[in-house]
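Next come the chains, spelled out residue by residue.
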Amino acid sequence: MMNKKVMVAMSGGVDSSVAAVLLRDQGYDICGATLKLFDNEDILTSCRTRTCCSLEDVEDARSVCHKLGIEHFVFNFKETFKDEVIQKFARSYESGNTPNPCIDCNRYIKFSKLIQRAMLMEKDYIATGHYAQIEFDNVSKRYLLKKAVDESKDQSYVLYVLTQHDLSRTLLPLGSMYKSEVRKIAEQKNLINARKPDSQDICFVQDGNYAGFLENKMGVESKKGTFIDTQGKPVGEHKGIIHYTVGQRKGLGIALGKPAYVIDKDKDTNTVTLGSEEELYKNRLTAVDINMISVEKLTQTMKATVKTRYSQKETEALLHPVDDERILVEFNNKQRAVTPGQHVVFYDGDIVIGGGTII
């Protein structure tokens, strides 16, 4: 281990900074790498403290690397980020889905692209400040992705896209720690970001205004259309499907005399279906773009617990293989606001079986 070389992805936040501290203290030969994913003027915004990847974050990462006495690199991945994350985000919203660009960023940039760069620079591993654990299973001969010890911070959901190659080249030093311990280490080491708030928003969208970003920056045309009820009857006019997501109640701009929720969106007819909360619940979903981790593929029906959103509690379900590209997920209990474009992740206890994109 002593001579193993690790490139630590340094976001400028406290988690990745402490990951670097821990690996250095364990004897690894480390360097820091910060990703340049966009220019502030490119996304109609300025530096903020609640997202990652801003100019301020680069400076914080550089400061920590200087304090640790390690090299710091900044890699320009703007074009890949634009193509694989921002453009995909826009296309997905335009088609009526509600995407999670942070998962695409992990898949195409923060792991795949960074591992590729690290290998070119003759590093053995990359490391990040994510809260999850990686283990090698000698029985299956596969790398496993497992939940973090601190389940309140667990990020295994957003890492389900990692391949066996990605997992074999990645270290996650914080997986066995609690967030309070991480903050304490940062304060003991006098790191500049010891008390910096965690990033929350999608980094390239200001104030969570997705529709505004899509219209003003990506040139997505938002055509007015018809609100319909679950029987197909017109009940009003909407301002464009990109302004709505399944489960939404507030900001609909329509009064029906009773609570109304977005049940569905249809790009082809440019309609948004409204209904009662009860009509939001579904007993099944189909997932595509599957990535399996603990097993190579799903060959027969399997019991699992699943999450259809990052912040959601797991629920029991049956996983049915449809073909090589699709899995049918059948819930034991109906689930609220299952949303096309979001992701479903399958668990066996604290082990991530795999996951896919909801259609």
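Our structure is the block above this text.
Basis of the calculations
Residues numbered from 1 in each chain as written. Predicted model: local features only at pLDDT ≥ 70, side-chain atom pairs only at ≥ 80, totals over all residues. Heavy atoms only, no water. Helix = DSSP H or I, 4+ residues; strand = E, 2+ residues; numbered from the N terminus. Buried < 20%, exposed > 50% of the residue type's maximum accessible area, 1.4 Å probe, protein only. Pairing = 2+ DSSP bridges. Right-handed = clockwise from strand over helix to strand, strands pointing away. Salt bridge = Lys/Arg side-chain N within 4 Å of Asp/Glu carboxyl O. Arc of directions from axis to C-beta. Contact = heavy atoms within 4.5 Å. Axes fitted to C-alpha atoms, helices over the stretch in contact; angles between N-to-C directions. Parallel < 35°, antiparallel > 145°, perpendicular 65-115°, else oblique. Left-handed = near helix turned anticlockwise from the far one by under 90°. Nonpolar A, V, L, I, M, F, W, Y, C, P; charged D, E, K, R; others polar. Bend = angle between axes of the 7 residues up to and from the residue. Polar contact = N/O pair within 3.5 Å; in protein donor to acceptor, adjacent residues only side chain to side chain.

Q: An account of the environment of Glu79 is needed here, citing residue identities and associated values.
A: Mapped onto the secondary structure, Glu79 falls in helix H3 (residues 78-94). Using a relative accessible area of 55% as the deciding quantity, one classes Glu79 as exposed. Here the alpha-carbon distance between Glu79 and Phe38, two residues 41 residues apart in the chain, equals 8.4 Å.

Q: Can you lay out the pairing of strand S1 (residues 5-9) for me, pointing to particular residues and giving the numbers?
A: A regular strand carries its side chains on alternate faces of the sheet. The element S1 is extensively covered by neighbouring structure, given that four of its five residues are classed as buried. Sheet analysis places S1 next to strand S2 (residues 29-36), joined by five bridges and oriented parallel. Opposite Met7, over in S2, you have Cys31 as the bridge partner. Assessed by its sense of winding, the connection that carries the chain from S1 through helix H1 (residues 14-25) to S2 is right-handed. Pairing of S1 with strand S4 (residues 125-127), which is carried by three bridges, proceeds in the parallel orientation. Along S4, the bridge assignment pairs Val6 with Tyr125.

Q: Describe in detail the pattern of salt bridges, supporting the description with residues and values.
A: Proximity of charged atoms lets side chains of opposite charge pair with each other. Inspection of every chain in the model, using the stated rule, returns 19 salt bridges. A salt bridge links Asp60 to Lys196, with the nearest nitrogen and oxygen atoms 2.9 Å apart. Residue Asp60 is located in helix H2 (residues 55-68), and its partner Lys196 is located in the loop between helix H6 (179-188) and helix H7 (210-216); the two are separated by 136 residues in the primary sequence. Pair check on accessibility: Asp60 and Lys196 agree, each one buried.

Q: Explain the sheet that holds S1 to me, and be specific about the residues and the numbers.
A: The sheet built from five strands is open, its strands ordered S3-S2-S1-S4-S7 with parallel pairing. In this open sheet, the two strands that pair with only one neighbour each are strand S3 (72-76) and strand S7 (170-171). Sheet topology note: the S2/S3 ladder contains five bridges and is parallel. Bridge assignment links Leu35 to a residue of S3, and that residue is Phe75.

Q: Talk me through H6; I want residue IDs and the actual numbers.
A: Those residues of H6 lying buried are Lys179, Val182, Arg183, Ile185 and Ala186. The arc that holds every buried residue of H6, seen down its axis, measures 160°, which confines them to one face. Facing away from the buried surface of H6 by more than 90 degrees, the exposed residues are Ser180, Lys184 and Gln188. Looking at the buried residues of H6, the elements they touch are H1. Taken from the residues just after H6, Asn190 is the one with a positive phi, measuring 55°.

Q: Give a detailed account of the packing of H3 against helix H4 (residues 101-120), specifying residues and quantitative values.
A: Running from N to C, H3 and H4 cross one another at 165°; their axes reach a closest spacing of 9 Å. What the angle tells us is that H3 and H4 run roughly antiparallel. H4 is crossed by H3, and the crossing has right-handed handedness. Counted together, Thr80, Phe81, Glu84, Val85, Lys88 and Phe89 of H3 and Pro101, Asp104, Cys105, Arg107, Tyr108, Ile109 and Lys113 of H4 form the full contact between these two elements. In the contact of H3 with H4, the residues fall into seven nonpolar, one polar and five charged.

Q: So what's going on with H3? Residues and values would help.
A: At Gln87, H3 is deflected by roughly 30°, the largest bend along its length. Where H3 is concerned, the buried positions are Phe81, Val85, Ile86, Phe89, Ala90, Ser92 and Tyr93. In this structure, the buried side of H3 is in contact with H4 and H7. At the C-terminal side of H3, Gly96 shows a positive phi close to 100°.

Q: An account of the side chain of Gln335 is requested, with residue identities and associated values reported.
A: The topology assignment puts Gln335 in strand S15 (residues 326-336). A distance of 3.0 Å separates a polar atom in the side chain of Gln335 from the backbone oxygen of Asn333. Filtering out sequence-adjacent residues up to four positions away, Gln335 remains in contact with Leu280, Tyr281, Lys282, Gln312 and Thr315.

Q: Could you give an account of the pairing of strand S17 (residues 351-358), naming the residues involved and the relevant values?
A: Within S17, seven of the eight residues are buried, which leaves it mostly tucked inside the rest of the structure. Where strand S12 (residues 281-292) lies against S17, four bridges are found, and the strand directions are antiparallel. For Val288, the partnering residue across the bridge sits in S17 and is Thr357. Pairing of strand S16 (residues 343-348) with S17, which is carried by six bridges, proceeds in the antiparallel orientation.

Q: How would you explain the packing of H1 against H6 if you had to name every residue and give the values?
A: Contact geometry for H1 and H6: axes closest at 9 Å, N-to-C directions at 70°. Here H1 lies roughly perpendicular to H6, going by the angle between them. On H6, the residues that touch Val14, Asp15, Val18, Val21 and Leu22 of H1 are Lys179, Val182, Arg183, Ile185 and Ala186. Across the contact of H1 with H6, the residue classes break down as seven nonpolar, no polar and three charged.

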